[in-house]
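Structural overview for review
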Amino acid sequence: MTRTAVVVFPGVNCEHDVVHAVTALGGDAELVWHRETDLSQFDGVILPGGFAHGDALRTGAIARFSPVMTEVARLASNGLPVLGICNGWQVLCEAGLLPGAHIANRDLSFICRFVDVEVADTNSILTRASELGQRLRIPLNSYEGSWVDPSGGGRVVLRYMDDPNGSQDRAAAVSNESGNVVGVMPHPERASHALLGSTDGQILLECFRHAPAPA
């Protein structure tokens, strides 16, 4: 992948972390304001974590109407890699690019700690270069992080080992059917350097960075 757009909604707070993590791995990542209407020069998109539009109304419910989301949907439909991290996953669900929705954590508390996850499916842009059953240690930082999907249409690609938030099927990351759109609740960019306590996030970001171009 040549260039990655990292979308900046008002209120997100992880955009620079994502750019740093991707570029540290040799990628080319660029911040893009949410009012941008042309992403044709990019080969993939990341929606970072934080509190888009202050999470007013409902997490991701306002951000899904930002002009850039039309382009994100176009890239997704063309098979390009689209990744939503934490709040970014919530936006993708609200936009209908991933199934399901997010509700408050089971214990109604904000979770801020490392969690262990297991690779449950390697057919996605987040896990393609990992191994089935591989365990990763990545930070989780969320309040409305419990994913629910009454339709049963989501493919779980990462599972929590200890079920920290009550997410359906212990889902820590979910992809669409084709595997090119993925939402992940723990933050891989916060586990991308030894000084951060783990480098396991590099595995996931490398998978995204080397996602194959659509046929």
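Higher on the page you've got the structure.
Criteria and cut-off values
Residue positions are given per chain, counted from 1 along the sequence in the order it is written. Reporting in this predicted model follows two pLDDT cut-offs: at least 70 for local features of residues, and 80 or more for side-chain atom pairs to be given and counted; totals over whole chains, interfaces and linings ignore these cut-offs and use all residues. Excluded from the side-chain calculations are hydrogens and water; all other atoms, namely the structure's heavy atoms, are used. Secondary structure elements are defined from DSSP: runs of H or I of at least 4 residues count as helices, runs of E of at least 2 residues count as strands, and each element is numbered from the N terminus. Residue contacts are counted whenever heavy atoms from the two residues lie within 4.5 Å of one another. A pair of strands is labelled paired if DSSP reports no fewer than 2 bridges between them. Axis lines are fitted to C-alpha atoms, over the contacting stretch for helices. Their N-to-C directions set the angle, which ranges from 0 to 180 degrees. Count a disulfide wherever a pair of cysteine sulfur atoms falls within 2.5 Å. For the exposure calls, accessible area comes from a 1.4 Å probe over protein chains only, and a residue counts as buried if that area is under 20% of its type's maximum, exposed if over 50%, partly exposed in between. Any Lys or Arg side-chain nitrogen found within 4 Å of a carboxyl oxygen on Asp or Glu counts as a salt bridge.

**Digging into the environment of leucine 136**
Relative to the helices and strands, leucine 136 resides in strand β7 (residues 135-142). Taking the C-alpha atoms as reference, leucine 136 lies 9.4 Å from leucine 204; in sequence the two are 68 residues apart. Setting aside its immediate chain neighbours within four residues, leucine 136 contacts Val115, Asp116, Val117, Val119, Asp200, Ile203 and Leu204.

**Looking at the sheet that holds strand β4 (residues 82-85)**
The 9 strands lie next to each other as β2-β1-β3-β4-β11-β10-β9-β6-β7, forming an open sheet whose pairing is mixed. Among the strands making up the open sheet, the edge pair consists of β2 (29-33) and β7. Across the sheet, the mean angle separating the axes of adjacent strands is 25° when strand polarity is ignored. With respect to the sheet, helix α2 (residues 68-77) is in contact with β1 (4-8), β2, β3 (44-47), β4 and β11 (181-184), its orientation differing from that of β3 by roughly 130°. Of the strands in this sheet, β3, β4, β10 (171-175) and β11 touch helix α3 (residues 87-94), which is tilted by about 120° from β4.

**Considering the state of the cysteines**
Under the counting rule described, the total for this entry stands at 0 disulfides. Here cysteine 14 stays free of any disulfide, with the sulfur of cysteine 86 as its closest cysteine sulfur at 7.0 Å. Residue cysteine 14 is classed as buried on the basis of its relative accessible area, which comes to 1%. You can see cysteine 207 has no disulfide; the closest cysteine sulfur is in cysteine 86, sitting 20 Å from it.

**Describing the pattern of salt bridges**
Scanning the model with the defined rule gives 10 salt bridges in all. Where arginine 106 meets aspartate 107, a salt bridge forms, and the shortest distance between an N and an O atom there is 3.8 Å. A residue is classified by how much of its surface remains accessible, and arginine 106, at 43% relative accessible area, is partly exposed. With a shortest N-O distance of 3.4 Å, arginine 113 and aspartate 162 are connected by a salt bridge.

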